[in-house]
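Coordinates in review
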2 protein chains.
Amino acid sequence: MNSFRDILKWGDKREQTLEASMTKMLHTRFGDVASSYPKGDIPLNITKPSALTQDQVLALFDIVGAENVNTEPYARITHSYGKYYTDLLYMRNGVVTNPPDAVVYPRTHTDVVKLIAYCNAHKIPIIPFGGNSSVTRGLEAPLGGISVDLTRHLNKVVYINITNQTVTVQAGMYGPALEKALNEHAEGYTCGHFPQSFEFSTVGGWAVTKGAGQMSTGYGKMEDMVLGLKVVTPVGEIETKDFPRSAQGWDLNHTFLGSEGTLGIVTEVTMKIRKFRPKNTSFASFVFKSFDDAVNTMRITMQSEFGFPHLFRISDPEETDIAFKTKGFDESFGDKVLQTLGYKSGKRCLMFVACEGDAAHARFVIRKIKGIASGNNGLHIGGKPTRKWLEQRYESAYLRDPLMDKGIMTDTLETAVSWANLSGLWKNARAYAEAQPNTLMMVHISHVYENGANLYFTFLSPMQMGNEYDSYILFHKGLVDTLVKSGGSLSHHHGVGRVMAPWMQEVLGKNYLDALKAIKLHFDPNNIMNPGQMLGLD
Amino acid sequence: MNSFRDILKWGDKREQTLEASMTKMLHTRFGDVASSYPKGDIPLNITKPSALTQDQVLALFDIVGAENVNTEPYARITHSYGKYYTDLLYMRNGVVTNPPDAVVYPRTHTDVVKLIAYCNAHKIPIIPFGGNSSVTRGLEAPLGGISVDLTRHLNKVVYINITNQTVTVQAGMYGPALEKALNEHAEGYTCGHFPQSFEFSTVGGWAVTKGAGQMSTGYGKMEDMVLGLKVVTPVGEIETKDFPRSAQGWDLNHTFLGSEGTLGIVTEVTMKIRKFRPKNTSFASFVFKSFDDAVNTMRITMQSEFGFPHLFRISDPEETDIAFKTKGFDESFGDKVLQTLGYKSGKRCLMFVACEGDAAHARFVIRKIKGIASGNNGLHIGGKPTRKWLEQRYESAYLRDPLMDKGIMTDTLETAVSWANLSGLWKNARAYAEAQPNTLMMVHISHVYENGANLYFTFLSPMQMGNEYDSYILFHKGLVDTLVKSGGSLSHHHGVGRVMAPWMQEVLGKNYLDALKAIKLHFDPNNIMNPGQMLGLD
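Numbering of residues starts from 1 in every chain and runs along the sequence as written. Note on labels: chains are lettered from A, ligands numbered from 1, in written order. In keeping with the predicted nature of the model, local features appear solely for residues at pLDDT of at least 70, side-chain atom pairs appear and are counted solely at 80 or more, and the whole-chain, interface and lining totals rest on all residues.

**Some details on the overall build of chain A**
Helix and strand assignments come from DSSP, with helices taken as H or I runs of at least 4 residues and strands as E runs of at least 2, each series counted from the N terminus. Across its full length, chain A carries 22 helices and 18 strands. This radius of gyration counts C-alpha atoms alone. The globule rule is 2.2 Å times how many residues there are, raised to the power 0.38. Whereas a compact globule of 538 residues would reach a radius of gyration of roughly 24 Å, chain A reaches 23 Å, a difference of no more than 12%. Counting only C-alpha atoms, chain A reaches 75 × 60 × 45 Å along its principal axes. Our contact criterion uses C-beta atoms placed from the backbone: two residues qualify when those atoms are within 7 Å. Contacts in chain A between residues at least 24 apart in sequence constitute 78% of all its contacts with a sequence separation of at least 6.

Next up, the structure:
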C-alpha cells in the first residue's frame, strides 16, 4: 500500500537525516524549532475520479496498448505534482488538486503522433511529462486530460554521431542513463549537462525548459547545445536538422526550446556531446574578502577571452558562512587564520572553479583565474573544496524532506541579470529577505556569461503553521517582485510554469506575450497542450 | 546626371582593374574572352511611376519631414536592387523591375512607429532597407510601397555598457562607423563582426539576416552576439532585454533574428562587444596535401576543447591553385619546393588562422592547431599569408565589376552542413560545377563549429550572351538543388530573400514553413512588411 510519502521521496526512495552541525545551525538561527509537519505517511487517495469516458480509455488502449494506460491513483498523483514547495505541502497533507485523468506511456514516436491527433480531435488536454522535477507547477491538469510520460519507452540513445560529435536521444531518457551510455561509448563522451535535478530529469524536459547544468558556463545551456528536435504538435510534426548554424528564416528550435509543453511533445533531441576526460579536469577554490571581489573576478574572467571554466560558482557571505558552519570549519584553526587575514565571516565568499576539456587548456584557464582572483583579494585554498563540493553536489536536495519534517520551509528561486544590475539586485533581494521574520536566505552564482550571470536563492524559514501555504506564496511573490524590479529575468533555467506565469506580461510586455499566445494557438488551435500553463491560456 | 553605373559602383565609387595575373588565369581557363558586357553607363530612367497618391506623400512628409521622403529615380533605383548577380545584369541594362514608390528616411524610433502605423492602416508595403548588400533579392518592391532606410539618421551608438561589455546601437549604423566608435572608446572595443559586406552593411541588416563575419568562428554569428532588440511591428513594439540567458518562455530574439524584414523593423540592437587588442593576435598559415587533411584539422580543432581561433578558413584545391596563380606564386621556387614535398597543385589546400583576445591564449590556440595540422600533413608556412589575406579581405568583391565588364559571370553561394555530410556535399558540388561548360568554381570554408561548418562557393564563367539571365538561374538552381540533396542548409549567413524562397518548403518542411507564415501574419496581419519575400506571401 503506497502512501503520499512514497511519492514525495526522491527517485531511489532515499531519506536523509540532518547532520548535527545542520541542526545546531538551525537552532542558532531560528531558536527552538521543535515543531513538526505532517509527513504524508497516509494512504493515497484521490477524490477526483478520472473523467475519461470508457470509449476514450479504449481509444487510448488502442493507440499505446492497455498496459501503457494507467488510471490508478498512484500514477495519477505521481504525475500531478513536481517539486515546488507547495506541491510538497499538498502531498504531505494528502491533497491532490489537479490530477490528470490518466497517465499514458507511448511506445514510439508514432504513438505520440496518434495520441496527439486523437486528443486534438476529442479536445482532451495533454500534459507532457518529463522527469517530474518541475519546480514551477508545470505538470498540473486543472482541466483533466492525460499526462504523457516518455520515460517508460522513449528512453534510449538513437545514435551517436562520432564525426559530428552529437547524440540523438529520445526525449524520455533520464540524465544518468544518457551519461552512462555516453561515458561507456568506445570514444568516451559526456553530455555536459548536470542540473541539480540531473538524477530525476529527462533530455526532453531539459530542452523545453532551457535547462542549465553545473558545468554550463563551459558547455552552455540546453539552448546552446541542442542542434535538432523532433516535435509533434496538434497541427503536425516538425523535425529540425542538425546544421551547426543556418540562415534560412528564423529558427524554430528556439520556439520549442522554452515552450514547456505548451506547443507539442518533443520526442527526440540531437545535441552536442563532448569527450569524457575526467583526468583532464583542473580545480581551484578561493575565498574572497567580499561578494564584490568575487563577482569582479568572475566578470573579468568571462570578459578576458582566454576561455571559460566549466564550473564557476560563488556563494554569497550568508551561504559561505553556512557552508563553513555546517562543514564544521567555523571556529577551527583554519577559520581563525582566515579571519586574521581579513577574510571575515559575514563578508567572505567562497568560489569553486573547475575546468574540463583539453588538459593544458584547463590548467591554463585555472592559472589565469588564479591571477585575476589574486588581484581581487582572492585567496586560493586549493582544489579540494571544489572536488568535495562536486562529490556531494546532488545531495543538498535530499535535505528537503527532513527539514520539512521539522517544520522548516525550504525552497529556491533563480534569476538572470546583466553584470551592471547584478549587485543592486543582490542587495535588494538581501534587504527583502532580511525584512522577513526569521528567514535565512543563501545566494549563489552558478552560471556565468560574458554579459551577466544568474543568481540562485535558497531560503529556509520556520513554517507559519496553519498559514503555511499563503505565507509562503506571499513571501515568494515579494521576492519575485523584488527581482523583477531590480532588472532580473523571471527565470534563468527553472522555467515559468504556473508559478511565474503571473509575471509574464509585466516582464515581457503585452505585445511579446500576445505573440507567444498567437504562436501557441497556431500549433495548438484547440489549446490541448498543457492548457493554462505559462501562457495562462485556459 | 547619374547613370546606372554610378549606382552599381561600390560605396566610395571605387573601380578596380584586373591584374595581369588574373587576366592570364582567365585566359588560360576560358580561352579568348574578348567579349564585353553593357556597363550600365546610361542615364537613369524608371518606367514605373510612383504609385503613392498625393495624400500619401503628404502624410509621409508629415511623419518624417519632406526632406526625408524621396521619390526621385536615383533613390528609388538605388533601393530596388542589392548585389545579387541578376540585380547587376538588370542595372547594366538599365532595367528596373520592382522599385519602391518612395524612399523614406525616419529620423527617430518614433518616426518608425508612426510610419508603420500609417502604412498598416493604408496597406502600403514597407521594405526595410539595411546597407544595400543583399545578395538574395531581399529589397524588391513588386507591389510598390516604401523603402525604409535607417542609414541617414538612425546610425549612431546609443551607449556602450562597460560593465556588461555590450553596445546598444541604432540599426542603421554601418559597420565601419560602429567599429571606429568602438575602437576609439577609452576602453577600446571591437564589434567582432566582419562580413565580406562589412563596408556596406548595417547592424540591423546583420541581425535580421543572421550575418556571419570573418572572425565569427571565435566571436559567433549575429544570433550568438545579439542580446536585445527593439523592434516595431504592425501590431506594436517589442523590446527585449539584455539578459545573458533566460528561461521565461521561448525567446523572440530568435524570431526577429532571421526575419529579413518580414515581421517588422529593428531600430536598435544591443550586442556583445570585445576588447580591441590587435597586438594580441596570433597568426598561422598552412598548406595541406588534401582537402580532407585540412577539413580534419579544422574538425579536430573545433572538437578538442582548447578554445577556438577567430579566423579559421581553408580554400579547396581549386581556390588554392587560383590564389597561387593570381599571386604569382605558381611555378616559383617556393612552389617547386612544395610540389617536391608532395603538396601538389590540384590537391593542396591553403589554411588561414588568426586568434585574437588574450595574447597568451591566442598563442596557445595557434600552437595547438600547429600540432594538429602537423599530424594531418599540414605544413606551416608562417603567419604572413594570413596577415596578407586579412589586409585585402574586402577587395575581392571589387573585381566583380571589371569581370562583368569583360562578360564574365561571377557570383557566390553558401551553405551550412554537418561535418558528416561535408565531404559528400563538397564532392557533389564539385561534380556539378565540372559538368557545366567552362565554369570555374572556388570553394572555401570560413565559419567553423564543433558540429559542422559552412561551405562558400565562388563561381566564374563566360556569360552566355543573349541568354545570360536564364542560363545563370538554371546554373544556380542546379547548384542549390545539389547542396540541398547533399544535406546542406539553404544558407549559412546570406539569408533567404526571393532567391532561396522557392526551396523553403523542401528544406524546412511544410509544417515548419506554415508556422513561419502564421507567425508573420500575427505580427503583420495586412502583410505589408516586405511582402512576397522569403515566405512567398504576396
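**Structural notes on the sheet that holds strand β6 (residues 166–170) of chain A**
Residues and elements named next belong to chain A. A pair of strands counts as paired when DSSP detects no fewer than two bridges linking them. The strand order across the open sheet built from five strands is β5-β6-β10-β8-β9, with neighbouring strands paired in antiparallel fashion. Of all strands in the sheet, those with a lone pairing partner are β5 (157–161) and β9 (236–239), marking the two edges. Direction aside, neighbouring strands of the sheet carry axes that sit 10° apart on average. Here strand β8 (residues 226–233) pairs with β9 via four bridges, running antiparallel. Residue T233 lies in a different strand from β9, and its bridge partner there is G236. Geometry is summarised by axes, namely lines fitted to C-alpha atoms with helices restricted to the contacting stretch, and by angles between N-to-C directions that run from 0 to 180 degrees.

**Description of the domain arrangement of chain A**
All names here are of chain A. An automatic or database domain assignment supplies the start and end points of every domain. What the domain assignment lists for chain A is domain 1 (4–23 + 38–149), domain 2 (157–275) and domain 3 (278–393). Each of domain 1 and domain 2 has a C-alpha centre, and these two points are 24 Å apart. Residue-level contacts link 15 residues of domain 1 with 17 residues of domain 2. Contributing elements (two or more residues each) for the side of domain 1 that touches domain 2: α6 (109–121) and β3 (126–129). Among the elements that make up the side of domain 1 that touches domain 2, the one with the highest residue count is α6 (five residues). Among the residues forming the side of domain 1 that touches domain 2, the class breakdown is seven nonpolar, eight polar and no charged. Three residue categories are used. Nonpolar comprises Ala, Val, Leu, Ile, Met, Phe, Trp, Tyr, Cys and Pro, charged comprises Asp, Glu, Lys and Arg, and polar comprises the others, including Gly.

**Re the confidence of the model for chain A**
Scored between 0 and 100, pLDDT is the confidence that the predictor attaches to each residue. Overall, the predicted model of chain A reaches an average pLDDT of 95, with 99% of residues at or above 70. Among the prediction metrics, the complex's ipTM stands at 0.97, with pTM recorded as 0.97.

**Re the interface of chain A and chain B**
The partner chain B presents 73 residues to the 72 residues of chain A that form the contact. Sort the elements by how many residues they give to the side of chain A that touches chain B and helix α22 (residues 510–523) of chain A lands first, with eight residues. Tallied by class, the residues present in the side of chain A that touches chain B amount to 28 nonpolar, 31 polar and 13 charged.

**Looking at the packing of helix α5 (residues 85–92) of chain B against helix α19 (residues 468–485) of chain B**
Residues and elements named next belong to chain B. Contact geometry for α5 and α19: axes closest at 11 Å, N-to-C directions at 180°. The orientation of α5 with respect to α19, classified from their angle, is roughly antiparallel. On α19, the residues that touch Y85, T86 and L89 of α5 are E468, Y469 and Y472. Tallied by class, residues from the contact of α5 with α19 come to four nonpolar, one polar and one charged. Here the word oblique covers every angle except those under 35 degrees (roughly parallel), over 145 (roughly antiparallel) and from 65 to 115 (roughly perpendicular).

**Some details on unusual backbone geometry**
Its identity is not glycine, yet A:N132 carries a phi of approximately 80°, on the positive side. Tracing the sequence through the fold places A:N132 in the loop between β3 and β4 (146–149). Positive phi is not limited to glycine here, since B:Q165 has a value of about 55°. With respect to the secondary-structure elements, B:Q165 resides in the loop between β5 (157–161) and β6 (166–170). To sort residues by exposure, count the other C-beta atoms lying within 10 Å of each residue's C-beta; 20 or more gives buried, 12 or fewer gives exposed, and values between give partly exposed, all with C-beta atoms placed from the backbone. With 22 C-beta atoms counted inside 10 Å, the residue B:Q165 sits in the buried group.

**A word on the pairing of β5(B)**
Where a strand is regular, its side chains alternate between the two sheet faces. All names here are of chain B. Looking at chain direction, β5 and β6 are connected through four bridges and run antiparallel. Its bridge partner being in β6, I160 is matched across the sheet by V167. The antiparallel hairpin formed by β5 and β6 contains four residues in its connecting segment, where Q165 sits at a positive phi of about 55°.

**Focus on α5(B)**
Residue and element names in this part refer to chain B. When you tally the buried positions in α5, you get six out of eight residues, the bulk of the element. Here α5 has its buried residues at Y85, D87, L88, Y90, M91 and R92. Residue G94 follows α5 closely and has a positive phi angle near 70°.

**Digging into the relation of the copies chain A and chain B**
In this comparison the copies share one frame, found by least squares on the C-alpha atoms of residues holding pLDDT of at least 70 in both. For the pair chain A and chain B, the superposition axis carries a translation of 0.0 Å, the fit reaches an RMSD of 0.0 Å, and the rotation angle comes to 180°. When the rotation and shift are considered jointly, the pair of chain copies conforms to a two-fold rotation axis. Counting the interface residues of chain A, we find that 100% of their copies in chain B are interface residues as well, pointing to one common contact surface.

**Some remarks on the packing of helix α12 (residues 291–303) of chain B against helix α15 (residues 359–374) of chain B**
What describes two packed helices is the angle between their axes and the distance between those same axes. All names here are of chain B. Look at α12 against α15: their axes get within 9 Å of each other, and the N-to-C directions meet at 135°. Judged by the inter-axis angle, α12 sits oblique to α15. Crossing hand, α12 versus α15: right-handed. Along its contact with α12, which presents T297, I300 and T301, the element α15 presents I369, I372 and A373. A per-class count over the contact of α12 with α15 returns four nonpolar, two polar and no charged. By definition, any crossing whose near helix is turned counterclockwise from its far helix by less than a right angle is left-handed, and any crossing with a clockwise turn is right-handed.

**Overview of the sheet that holds strand β16 (residues 408–418) of chain A**
Residue and element names in this part refer to chain A. Taken in spatial order, the seven strands of this open sheet run β15-β12-β14-β13-β17-β18-β16, and their pairing is antiparallel. Lying at the two open borders of the sheet, with one neighbouring strand each, are β15 (378–380) and β16. The average angle at which neighbouring strand axes cross in this sheet is 20°, direction not considered. In this sheet, strand β14 (residues 349–355) lies alongside strand β12 (residues 282–288) in antiparallel orientation, the contact comprising seven bridges. Among the inter-strand pairings, S282 is bridged to a residue of β14, identified as C355.

**Details of the pairing of β16(A)**
Residues and elements named next belong to chain A. Judged by how many residues are buried, β16 sits mostly within the fold: nine of eleven residues are covered. As paired strands, β16 and strand β18 (residues 452–462) are joined by eleven bridges and run antiparallel to one another. Bridge assignment links A416 to a residue of β18, and that residue is N454.

**Topic: the environment of A:G452**
Mapped onto the elements of the fold, A:G452 is located in strand β18. Along the chain, A:G452 and A:F306 lie 146 residues apart, while their C-alpha atoms are 17 Å from each other. Setting aside anything within four residues of it in sequence, one finds A:G452 in contact with A:A416, A:V417, A:S418, A:W419, A:L422, B:N164, B:F243 and B:P244.

**Quick notes on the environment of A:V157**
As for its placement among the helices and strands, A:V157 is situated in strand β5. Between the C-alpha atom of A:V157 and that of A:S35, which follows or precedes it by 122 residues, the distance is 47 Å.

**Side note on helix α6 (residues 109–122) of chain B**
The length a helix should cover is 1.5 Å for every residue beyond the first. Here α6(B) contains 14 residues, and its C-alpha end-to-end distance of 20 Å stays within 8% of the 20 Å for a straight helix at 1.5 Å per residue. The first or second residue beyond α6(B) is B:K123, which carries a positive phi of 50°.

**Thoughts on the nonpolar core**
One broad trend across soluble globular proteins is that nonpolar side chains are buried collectively. With 299 residues, the main nonpolar core has A:V104, A:A207, A:V353, B:V104, B:A207 and B:V353 as its most contacted residues. Setting aside anything within four residues of it in sequence, one finds A:V104 in contact with A:L60, A:V64, A:N68, A:V69, A:L115, A:I146 and A:V148. By our criterion, buried Ala, Val, Leu, Ile, Met, Phe, Trp, Tyr and Cys residues that link up through C-beta atoms within 7 Å make up a nonpolar core.

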